[in-house]
Amino acid sequence: MQVKRLHPWPSDAAEAEAIQDRLRGHVELTGPTTFTLVAGLDVHYHGDDQVTAAVVVFDAGSLEPVEQAVARGRAAFPYVPGLFAFRELPALVEALELLTATPDLLVCDGYGLAHPRGFGLACHLGVLTGLPALGVGKTPFIGTHETPGPEPGDWTPIVHEDATIGRALRTQRDVKPVYVSQGHRISLDTATEQVLRLTSRFRLPDPIRHADHLARHPD
DNA sequence: GCGACAG
DNA sequence: ATCTTGTCGC
């Protein structure tokens, strides 16, 4: 698939934040409610700043993987909380461009709207591709939330400065919640519904687990 | 002011 | 993040 060309690369944190502040205005918080090809994305780090990005495309009906791609490279930015996307974006975009199929939903490993400037990795990937995107975080990052109930599907809002920016969502009984937020062209209800639908057996959605596995074991 | 801080 | 990758832990 084709991805919009990356903006000039930031040489420091101030430039990176300026890019986020500018692109934030392009995020759309509504979009389709059903999908046919869902992609999970993840990046594996190894050695000194080496990265392997993986994307696995699933048929949304059968939940079977239909295509995958891997791109190797170097972390493109130092790790700074809030600017984490700049480490992984070039490798992830390269992996997406290797795909023959064009997914219609990106399931990202990290946050979207639930971010200090409202523009996490899932928003960034969504805006660059123009595709609906959602973020799934494994640890709380920003905002406050109550503990959701113990059953799959139970959730509580993540609130920051009087706004709901995501949900703590229980995907499996008595297993720690995941943190869902909108990336681009998706509602919070739809993002929640898709994360649940895509999670078959473990804590995280299958597309993210498969991408994680592929990034660790590319051969 | 200090510490903590997605992956 | 890195480790083998299910999740939790005080």
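These figures come from a predicted structure and were not determined experimentally.

What counts and how
- Residues numbered from 1 in each chain as written.
- Chains lettered and ligands numbered in written order.
- Predicted model: local features only at pLDDT ≥ 70, side-chain atom pairs only at ≥ 80, totals over all residues.
- Heavy atoms only, no water.
- UniProt positions renumbered as here; feature names shortened; annotations may be inferred.
- Contact = heavy atoms within 4.5 Å.
- Core = buried A, V, L, I, M, F, W, Y, C linked by side-chain atoms within 4.5 Å.
- Buried < 20%, exposed > 50% of the residue type's maximum accessible area, 1.4 Å probe, protein only.
- Pairing = 2+ DSSP bridges.
- Helix = DSSP H or I, 4+ residues; strand = E, 2+ residues; numbered from the N terminus.
- Axes fitted to C-alpha atoms, helices over the stretch in contact; angles between N-to-C directions.
- Near = heavy atom within 4 Å.
- Polar contact = N/O pair within 3.5 Å; in protein donor to acceptor, adjacent residues only side chain to side chain.
- Nonpolar A, V, L, I, M, F, W, Y, C, P; charged D, E, K, R; others polar.

## So, the UniProt feature "site: Interaction with target DNA" (unreviewed entry) in chain A
Okay, so step 1: Annotation from UniProt places "site: Interaction with target DNA" (unreviewed entry) at Tyr-79.
Okay, so step 2: In contact with Tyr-79, other than residues within four places in its own chain, are Phe-84 and Arg-87.

## Details of the nonpolar core
Okay, so step 1: Leu-41, Val-55, Leu-92, Leu-96, Leu-106 and Leu-125 are the most contacted members of the largest nonpolar core, which totals 28 residues.
Okay, so step 2: Once you skip the residues sitting within four places of it in the chain, Leu-125 turns out to touch Leu-41, Leu-89, Leu-92, Val-93, Leu-96, Leu-106 and Cys-108.
Okay, so step 3: Counting residues in hydrophobic clusters, the runner-up holds 16 residues, among them Val-136, Val-178, Val-195 and Leu-198.

## Examining the sheet that holds strand 3 (residues 64–74)
Okay, so step 1: Taken in spatial order, the eight strands of this open sheet run 3-2-1-4-5-8-7-6, and their pairing is mixed. Strands with a single pairing partner mark the edges of an open sheet, and in this sheet they are strand 3 and strand 6 (155–160). In this sheet, neighbouring strand axes are inclined to one another by 25 degrees on average, regardless of whether the strands run parallel or antiparallel.
Okay, so step 2: The pairing of strand 2 (residues 50–59) with strand 3 spans 10 bridges and is antiparallel. Across the sheet, residue Val-55 finds its bridge partner in strand 3, namely Ala-69.

## Regarding the protein's contact with DNA strand B
Okay, so step 1: Taken together, 17 residues lie around DNA strand B, and Tyr-79, Gly-82, Phe-84, Asp-109 and Lys-138 are the ones closest in.
Okay, so step 2: Among the atoms of DNA strand B lying within 4 Å of the protein, the sugar-phosphate backbone contributes 54%.
Okay, so step 3: A distance of 2.9 Å is found between a phosphate oxygen of DNA strand B and a backbone nitrogen or oxygen belonging to Lys-138.
Okay, so step 4: For the surface near DNA strand B, the residue count by class is nine nonpolar, five polar and three charged.

## A word on the protein's contact with DNA strand C
Okay, so step 1: Residues in contact with DNA strand C, as listed here, are His-44, Tyr-45, Lys-138, Val-175, Lys-176, Phe-202, Arg-203, Arg-209, Arg-216 and His-217.
Okay, so step 2: Across the atoms of DNA strand C situated within 4 Å of the protein, the share located in sugar and phosphate is 96%.
Okay, so step 3: Interatomic distance of 3.5 Å between a side-chain N/O atom of Arg-216 and a phosphate oxygen of DNA strand C.
Okay, so step 4: Note that a phosphate oxygen of DNA strand C is positioned 2.4 Å from one of the side-chain N or O atoms of His-217.
Okay, so step 5: Taken together, the elements giving at least two residues each to the surface near DNA strand C come down to strand 1 (37–46) and helix 5 (206–216).
Okay, so step 6: Partitioned by chemical class, the residues of the surface near DNA strand C number three nonpolar, two polar and five charged.

## A closer look at the UniProt feature "binding site: Mg(2+)" (unreviewed entry) in chain A
Okay, so step 1: Annotation from UniProt places "binding site: Mg(2+)" (unreviewed entry) at Asp-42 and Asp-109. In terms of the greatest pairwise C-alpha distance, the residues named above, spread along 68 residues, form a tight cluster of at most 5.9 Å across.
Okay, so step 2: Among the structural elements, Asp-42 can be located in strand 1.
Okay, so step 3: With relative accessibility at 5%, the residue Asp-42 sits in the buried group.
Okay, so step 4: The contacts of Asp-42, once residues within four sequence positions are left out, are Thr-52, Ala-53, Ala-54, Leu-92, Asp-109, Ala-211, Asp-212 and Ala-215.
Okay, so step 5: Tracing the backbone through its elements, the reader meets Asp-109 in strand 4 (residues 105–109).
Okay, so step 6: The class of Asp-109 is buried, set by a relative accessible area of 15%.
Okay, so step 7: Excluding anything up to four places from it in sequence, Asp-109 contacts Leu-41, Asp-42, Phe-84, Leu-121, Val-136, Lys-138 and Ile-208.

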